[in-house]
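Understanding the architecture of this molecule
Each chain is listed here by its residues.
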Amino acid sequence: MAKAAILEQVGGLTIGEVELADPAPHEVLIDTKACGLCHSDLHFIEGTYPHPMPAIPGHEAAGVVRAVGSEVKTVKPGDHVVSCLSAFCGHCEFCVTGRMALCMGADTRRGQTAAPRITRNGGETVAQMLNLSAFCEQMLIHEHACVAIDKDMPLDRAAVIGCAVTTGAGAIFNACSVVPGETVAVVGCGGVGLATINAAKIAGAGKVIAIDPLPEKRELAQVLGATHTVDAMADDAVDQVMKISGGGVHHAIEAVGRQASADLAVKVLRRGGTATILGMMPLDCKVGLGAMDLLSGKKLQGAIMGMNHFPVDLPRLVDFYMRGLLDLDTIIAERIPLEKINEGFEKMKGGHSARSVVVFD
C-alpha cells in the first residue's frame, strides 16, 4: 500500500491509500522522493480541465527505481530518476521526426482491457493522471516516462526539472533556439517563468525582461537572470518593453496561461519576433496575430513541455545545476509533507511565491 493525495471531487485532495500493480514488461516502479506543485495540477483540481476521478495528480517528480519489468532497458533498480509527463512511444510520426513532446503516448499506457496500474479498496480503479500520478509514495510508469540522472543530484531539486524547468528551459533551447544577444521577454514569473529567465541567461540573451504584477516575483526574476523588470499591470507596460528592447523583443514567452498575458506577449514583439505560449489557458481562449503583425513577419507558437527531448535534455539540465549554471534553489520556495498539499495549492493561488515541493520520507 502507498499513501497518496487523491482527487475525489473537484475542489481539493484527500490523503488515502492505494495499491500499485506489479510492473508490466516495459514499466518501472519508483519510490517517489519529491514532487513539485504545478499550476497544471491546479487546473485539474479546480475542474478547469476535466479528468476521470478518483485520480492522483502530480507530474513533476523525482525518485529511486524500486523494480523494473522484464523488457526495461533504460533504467535499473537503484537508479535515481526524474519523471516526465511527455512519455514517448518512439515509433510514431512525431517521435521519428524528433518532436517527441508531441507524441500522444498511447503505447505507454495500459490498454483498456488490461488491469489498472493503480487501485484501492480491493480493486477500484484510480485514474493515473498524465501517465504519472506522482502525489503518491510510489509511481508505476512506462520506462519512456523517466530518465536516470546523476546520483549526486539532490532529488528535491531534480523534481522541479521534470516539468517547470523542462518547459521553461526547453522553450529557450528547443522551441525558440535563442541566439546569444537576442532580447527575451518572459510574461509571468512563477516556476516556469523563472526557469525560462534562468535559461535565457544561460543561452546568452542580451536582455531578459521579466514581466509580472508582483514585486516579489520580479525580484526573484532578477536573482535568476532578468536584466530588466516591468509591472504587468502598468498602463504603459508595452511601452516600457519597447523602450528597453529598442523596438520590441525577438522572443516573448508567456508562462502564465491567461488571455491577457498571451496578448501582451504578442504586443511586445519586434518585426519578425516570435511569441511562444507555454501556459495552459482556459479552453475557450484564443490568441491571434493581426494583419499588421503578419505583414511584419511575426510568429505565434505553442510549445508543450518546451518541445523537450527529455532523455537528452534532463541530464543536461542536471549537469547545468551541478556546475552552478542553473539556479533551482531560488525556484523552490518551500518543502512540505504530503499532508500539507492542499495548503501548498492555496499558497499557489495567492501567487506570491515560487515552487512548493512535496518531499516524501
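Below is a short write-up of the structure.

If you tally the helices and strands in the protein, you get 11 helices and 19 strands. Across its three principal axes, the protein shows a C-alpha extent of roughly 60 × 40 × 40 Å. Considering only intrachain contacts with a sequence separation of at least 6, the fraction spanning at least 24 residues in the protein is 70%. Carbon together with sulfur atoms contributes 53% to the accessible area of the protein, which is approximately 14,900 Å² in total.

This model, assessed by the stated rule, comprises 19 salt bridges. With its nearest N and O atoms 3.9 Å apart, the salt bridge here joins K73 to E71. Look at K73 and you get exposed, because its relative accessible area is 69%. E71 gets classed as partly exposed once you look at its relative accessible area, which sits at 37%. A salt bridge links R218 to D231, with the shortest nitrogen-to-oxygen separation between them at 3.9 Å. Highlighted residues: R218 in helix α5 (residues 215-223) and D231 in the loop between β14 (228-230) and α6 (237-245), separated in sequence by 13 residues.

For the rest of this paragraph, the subject is the side chain of N308. Here N308 is to be found in the loop between β17 (299-302) and α9 (310-322). If near-sequence neighbours (up to four positions away) are discounted, N308 is found in contact with C84, S86, M100, A101, T166, N174 and D313.

Omega for the bond connecting M53 with P54 falls within 30 degrees of zero, at 0 degrees, which places this linkage in the cis form. Checked against the element boundaries, P54 lands in the loop between α1 (39-45) and β4 (55-56). The backbone of N121 sits at a positive phi, close to 50 degrees, despite the residue not being glycine. With respect to the helices and strands, N121 occurs in the loop between β7 (118-120) and β8 (124-125). Accessibility expressed as a relative area gives 65% for N121, which makes it exposed. In the Ramachandran plot, L130 falls in the positive-phi region, its phi being about 55 degrees despite a non-glycine side chain. Relative to the helices and strands, L130 resides in the loop between β9 (127-128) and β10 (138-142).

As a further point, take helix α3 (residues 155-175). Helical geometry: 3.6 residues make up each α-helical turn, so side chains three or four residues apart lie on a common side. Its maximal kink placed at I161, α3 deviates by approximately 55 degrees. Among the 21 residues that make up α3, 19 are buried, leaving the element largely enclosed by the rest of the structure. One or two residues past the end of α3 sits S177, with phi positive at roughly 45 degrees.

The residue N131 is located in the loop between β9 and β10 in this model. Judged by its relative accessible area of 7%, N131 is buried. Engagement of the side chain of N131 in a polar contact is seen with the side chain of T108, the distance being 3.0 Å. Excluding its chain neighbours within four sequence positions, the residues that come into contact with N131 are A87, T108, R109, R117, I141 and A145.

Turning to helix α11 (residues 341-350), its buried residues number three or more, namely I341, G344, F345 and M348. All buried residues of α11 lie within an arc of 95 degrees about the axis, which places them on one face of the element. Elements in contact with the buried residues of α11: β1 (2-9), β2 (12-20), α1, β18 (332-336) and β19 (355-359). Positive phi shows up at G351, right after α11, with a value of about 75 degrees.

In this description, an aromatic ring pair is defined by two values, namely the gap between the centres and the angle between the planes. Inspection of the entire model under this criterion finds 4 aromatic pairs. Aromatic pair F44 and Y49: ring centres 6.2 Å apart, planes at 70 degrees, arrangement edge-to-face. Each member of the pair, F44 as well as Y49, carries the same accessibility label: buried. Measuring from ring centre to ring centre gives 6.0 Å for F135 and F345, while their planes differ by 75 degrees; the resulting arrangement is edge-to-face. Placement of F135 in the loop between β9 and β10 and of F345 in helix α11 is noted, with a sequence separation of 210 residues between them. Each of the two residues, F135 as well as F345, counts as buried.

So, on to the nonpolar core. Counting 61 residues, the largest nonpolar core has M153, I161, V165, I172, V184, I197 and L328 as its most contacted members. Elements with a minimum of two residues in this core: β5 (60-68), α3, β12 (183-187), α4 (191-203), β13 (207-211), α9 and α10 (328-331). Residue contacts for M153: discarding those within four places in its chain leaves A158, I161, V318, Y321, M322 and L328. Counting residues in each nonpolar core, the second largest holds 45 residues, with I30, A87, M129 and I341 among its members.

The next point concerns the pairing of strand β16 (residues 269-277). Direction of pairing for strand β15 (residues 249-254) relative to β16: parallel, over a ladder of 5 bridges. Residue pairing for β16: I253 is matched across the bridge by T276. Between the parallel pair β15 and β16, the chain is carried across by helix α7 (residues 259-267), and the sense of this crossover is right-handed. Pairing analysis gives 4 bridges linking β16 to β17, with the strands arranged parallel. Residue pairing in the sheet places I277 in a bridge with G302 of β17.

About the cut-offs
- Residues numbered from 1 in each chain as written.
- Predicted model: local features only at pLDDT ≥ 70, side-chain atom pairs only at ≥ 80, totals over all residues.
- Heavy atoms only, no water.
- Helix = DSSP H or I, 4+ residues; strand = E, 2+ residues; numbered from the N terminus.
- Contact = heavy atoms within 4.5 Å.
- Areas by Shrake-Rupley, 256 points an atom, 1.4 Å probe, with all protein chains shown as cover.
- Salt bridge = Lys/Arg side-chain N within 4 Å of Asp/Glu carboxyl O.
- Buried < 20%, exposed > 50% of the residue type's maximum accessible area, 1.4 Å probe, protein only.
- Bend = angle between axes of the 7 residues up to and from the residue.
- Polar contact = N/O pair within 3.5 Å; in protein donor to acceptor, adjacent residues only side chain to side chain.
- Arc of directions from axis to C-beta.
- Phe/Tyr/Trp six-rings, centres within 6.5 Å; stacked < 30°, edge-to-face > 60°.
- Core = buried A, V, L, I, M, F, W, Y, C linked by side-chain atoms within 4.5 Å.
- Pairing = 2+ DSSP bridges.
- Right-handed = clockwise from strand over helix to strand, strands pointing away.

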